[in-house]
Every structure is written in C-alpha cells, then in structure tokens.
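Survey of secondary and tertiary structure
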Amino acid sequence: LFPTVLRCLGIPARLITNYSSAHDNNANLQLDFFLDDEGKVDTKITKDSVWNYHCWNEAWMTRPDLPVGFGGWQVVDGTPQETSDGMYRCGPASVQAIKHGHVCFQFDAPFVYAEVNSDIVYSRMEKNGSQVILKIDTSHIGQLIVTKEVGGDGMVEITEDYKFQEGSEEERLALETAVMYGVKKQTTQDTTYQPQTDVDMEFQVQKAILGSDFKVTITFRNKSRNHYTATTHLSGNIVFYTGVAKNEFKKHSFDGKLEPSSSSAFDVLIKSSEYLNDLLDQASFHFFVTARINETGKILATQKATVLEIPTLMIKTQGEMVAGKEMSVTVKFTNPLKQTLENVTLRLEGPGVLRTMKKEFRQIPVNSTLIWELKCIPTRPGLRKLIASLNCDALRHVYGELNVQIQKP
C-alpha cells in the first residue's frame, strides 16, 4: 500500500525484503543469545530475535538536508519495529549513507544499519553475573536483500546497495565509521572469548513439501589431528515470521565422534506428525543447533530459518482468449497431506477476464486431485492475471496464478 501511495504522489518507490533481519532493541549491532550449562538456548533470558524476513520501502528523492551524494533511494518503513522520538516511524534514511556507515544523518539510520549488519553473539551467564562469549556470528544477519524486478514478477538482489561484502576492507571501514558516529558495539575486551578454531559446524535443511517428512543434516569438519567427540543439541521451533516461537516441536540430542582431518555428517529426521498439528500459516521453522566439543569444552552454535514448500494450484485455459468470446479455465489441486482435507474453499479471480468465483468442497481425500472447470467471457483485452486460492483448516496460503493475454475481437 505505501509504495502505491508514494507513486500516486509522483515519488518513485519500491518494496524491499531483507532476509534474516535483525530485531535489535537498542541498535548496538549485537543480538544476544544466551546458552545454558548444557549448551541449549535459554529462552527465558534471550530477548533479541532474528526475523525470517522484514519488508520496508524505498522512496527516490533528493536530500537537500544531507551532504551531496546521499540522495537517491531512501528507506521509509511503513511497519516500523521500534519507536523513534516516541512514535512508531522509520525514515527516510539514505541507503548510500547506511552502506558507508554514515549513521549520523537523519532519520533512524542506526536502526536500519543494525537490521542488516548486526552480529549474533552466543554467550553463557556465569553464576557471578559475568558474561562468557562462546561464539560470534558476523555473517548471519542481512544475508539477502531483494526488490521486485521492473516489468516482471522476479526478484533483483540489491544486497550490495546496503552493505559491502562481509569481511572486506570496505565493510570493516563502514563498521568503524558507524561506531565512530555513535552506533554502540559491545567489545569483548572484558569477557572471555576463545572460539573453537579447528572444528567447523554446518547445518542444512532438506527442501520439503508441506506434509512430508524431511531431514536436517549437521556436518562437522575436524581440521585438526586430534580425536574429538561432540555432544549436539537440536531444537526445532514452529515460529511466526518475526522469529517469535509458537512452540518447540522437536528436541534431539546425540553424541558423535569427529575423526582427525575429516568431515562427519549426522542426519536427524523430522516427521510430519511432529509439526502438522501446530503449523502456522506460513509453515515457518526455526532451528537452533549447539554442540560442545567435550575434550576442549568449546561451544559451536548456529541457527537457521526454513519454510516448507506450500503446494500450488495449477491454472490452465482452453479456447480462444479473445475479448467477448467464451473460454474455459481449469483449476487443479492435489492433496499433499497424509489426511483428508475438509471444508475446502476454492476462489478464482481475474479482473477483466471473469468475476470472482467461489466453490466449496466438503472433502479432498489423501492423494486425490480436484479439478474445477468453469466458463467465462473476457471483457477487456490486454495482459491479465488469473489468481486462485485455496483455504481450509489444515492448509492455508495455497495459491496459483497465470498470466493471460486477451486479444482484441
């Protein structure tokens, strides 16, 4: 809606999506995740969160209030996460200024900078109140920043508009500039931080369709000549896209041997029966994995958000697609779940092609396919879009779309 309003006012605008977006309450470039004595995430004292994604807008404008070079695309967030001067608002903040760390310029640049550049710090709180840092992840936040391509439905990556390549000299300089201009960044000088450097841990999630079993794979790479054993904890949570957990549906621990100078992979099976009953609309999961190297006591930690593939509706057309002439549209859907879908509502709309249609289905058995065919007479020539949606208690956000070119009579 906001980009539409801006465009109606003659201001160029576009929608931005930042994947793995930091929600850092005090914009100090640090998300704190606290682990307990067993190496598991302590949800009682961990308040920061990583959103699966966060969307904002950009508006193209001159900035006569800023030095030359900071005009152009400006961040304007219609759904701000925090207050600014007592009000929920964010922007305009110069994208060019954010990239180079010039967060002293108005408006709300420090918060936007933190959204795309924060570090994740895994710590343990000692009984004496001191904080021991176990691992720092500098590359998880702001992994991918995209916008919609011009003239199509695809996406264009613009990550480099907001940040230099992680670890590059330019990126370090931008960070130092941001700190110089007042963005707080907690140092580790007063804490104990000795990371495990000779063992790496990676975590991958198998792509899967909603309703199916899938596996996650934890891979260790032992770069040393030492024999190690790792005690690993996996926590799987059903989450809202904001990273807020609805509930923990999977808890699994295991011990594994790590041979010298080799990689070791461990699979954990996630069954559909474990997540289906509590699944939220967007089928989003968030996994925490922590591992303790028993011989050294060092902690490895990582986290990953993933979304199951939601089945799509297939739309096909038959006959001449000419304004004023009858044509047919067919919507097809196969039930992917291991249960019968009940009280299913199917909708089809296409401005200029047909009026919005709705059809009810009492049941769709397991692995069965429904086919809905209807006739229509397009009224307007040109490029049109047909959109179908399916909704029921067990399955939501199922869509399908088809572009159709309606010819003049």
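Residues numbered from 1 in each chain as written. Predicted model: local features only at pLDDT ≥ 70, side-chain atom pairs only at ≥ 80, totals over all residues. Heavy atoms only, no water.

- Under an unreviewed UniProt entry, the name given to the protein chain is Coagulation factor XIII A chain, and the source organism is Mesitornis unicolor.
- Within the UniProt record for the protein chain, the comment given under Sequence similarities (unreviewed entry) is "Belongs to the transglutaminase superfamily. Transglutaminase family." (UniProt positions renumbered as here; feature names shortened; annotations may be inferred.)

**Remarks on the sheet that holds strand E21 (residues 341-350)**
- Read from one edge of the open sheet, 4 strands run E22-E21-E24-E25, paired in antiparallel fashion. Looking at strand neighbours, the two that pair on one side only are strand E22 (354-364) and strand E25 (398-406), the edges of this open sheet. Direction aside, the axes of adjacent strands within the sheet are offset by 15° on average.
- Looking at chain direction, E21 and E22 are connected through 8 bridges and run antiparallel. Bridge pairing links Thr 345 to Glu 360 in E22. (Pairing = 2+ DSSP bridges. Helix = DSSP H or I, 4+ residues; strand = E, 2+ residues; numbered from the N terminus. Axes fitted to C-alpha atoms, helices over the stretch in contact; angles between N-to-C directions.)

**Looking at the sheet that holds strand E9 (residues 131-137)**
- Spatially, E2-E8-E9 is the arrangement adopted by the 3 strands of the open sheet, whose pairing is mixed. Each edge of the open sheet carries a strand with a single partner, namely strand E2 (30-34) and E9. The sheet shows a mean angle of 30° between the axes of neighbouring strands, direction not considered.
- Here strand E8 (residues 119-125) runs beside E9; their pairing, made up of 6 bridges, is antiparallel. Counterpart to Arg 124 in the pairing with E9 is Val 132.

**Description of the packing of aromatic side chains**
- In this structure the tally under the stated criterion is 16 aromatic pairs.
- Ring geometry for Phe 249 versus Phe 287: centroids 6.3 Å apart, planes at 70°, classification edge-to-face. Residue Phe 249 is found in strand E15 (residues 245-258), and its partner Phe 287 is found in strand E17 (residues 284-293); the two are separated by 38 residues along the sequence.
- For Phe 287, a relative accessible area of 0% puts it in the buried group.
- Taken together, the aromatic side chains of Phe 203, Phe 214, Phe 249, Tyr 275, Phe 285 and Phe 287 make up a single cluster linked through ring pairs.
- The aromatic ring of Phe 164 is capped on one face by Lys 99, whose charged end is 4.7 Å from the ring centroid.
- A cation over a ring is seen here: Lys 359 above Phe 361, with NZ or CZ 5.8 Å from the ring centre. (Phe/Tyr/Trp six-rings, centres within 6.5 Å; stacked < 30°, edge-to-face > 60°. Buried < 20%, exposed > 50% of the residue type's maximum accessible area, 1.4 Å probe, protein only. Lys NZ or Arg CZ within 6 Å of the ring centre and 35° of its normal.)

**Looking at the domain arrangement of the protein chain**
- Splitting the protein chain by domain gives domain 1 (1-181), domain 2 (199-307) and domain 3 (314-406).
- Between the C-alpha centres of domain 1 and domain 3 the distance comes to 39 Å. (Domains from an automatic or database assignment.)

**Looking at the pairing of strand E24 (residues 382-391)**
- When E21 meets E24, the two strands line up antiparallel, connected through 5 bridges. The partner of Leu 346 across the bridge, within E24, is Leu 390.
- Pairing geometry for E24 and E25, over 9 bridges, is antiparallel. What sits directly across from Arg 384, in E25, is Val 404.
- Counting the residues in the hairpin turn of E24 and E25 gives 6 residues, including His 397, whose phi is positive at 60°.

**What about the nonpolar core?**
- Grouped together as the largest cluster of nonpolar side chains are 59 residues, with contacts concentrated most on Phe 214, Phe 220, Tyr 275 and Phe 287.
- Sorting elements by how many residues they give to this core places E17 first, with 5 residues.
- The two domains that each donate at least three residues to this core are domain 2 (199-307) and domain 3 (314-406).
- When sequence neighbours within four positions are dropped, the list of residues in contact with Tyr 275 reads Ile 209, Leu 210, Gly 211, Ser 212, Phe 214, Ile 238, Phe 249, Ile 270, Phe 285 and Leu 308.
- In this structure, Ile 16, Ile 98, Val 103 and Ile 158 belong to the second largest nonpolar core, which totals 20 residues. (Core = buried A, V, L, I, M, F, W, Y, C linked by side-chain atoms within 4.5 Å. Contact = heavy atoms within 4.5 Å.)

**Details of the pattern of salt bridges**
- Summed over the entire model, instances satisfying the criterion amount to 14 salt bridges.
- A salt bridge links Asp 213 to Lys 338; the shortest N-O distance between them is 3.7 Å. One end of the pair, Asp 213, is in the loop between strand E12 (199-205) and strand E13 (214-222); the other, Lys 338, is in the loop between strand E20 (327-334) and E21, and 125 residues separate them in sequence.
- The class of Lys 338 is exposed, set by a relative accessible area of 56%.
- The salt bridge partner of Glu 320 is Lys 325, with a shortest N-O separation of 3.7 Å.
- Each of the salt bridges in this network shares a partner with another, and the network as a whole consists of Arg 14, Glu 58 and Asp 161. (Salt bridge = Lys/Arg side-chain N within 4 Å of Asp/Glu carboxyl O.)

**A short note on unusual backbone geometry**
- Residue Gly 91 is joined to Pro 92 through a cis peptide bond whose omega torsion reads 0°.
- Tracing the backbone shows Pro 92 in the loop between strand E6 (87-88) and strand E7 (93-94).
- Note that the residue after Gln 106, namely Phe 107, is joined by a cis bond; omega there is 0°.
- As for its placement among the helices and strands, Phe 107 is situated in the loop between helix H2 (95-99) and helix H3 (109-117).
- If you check the backbone angles, Asn 367 has positive phi at about 65° while not being a glycine.
- Looking at the element boundaries, Asn 367 is found in the loop between E22 and strand E23 (369-376).

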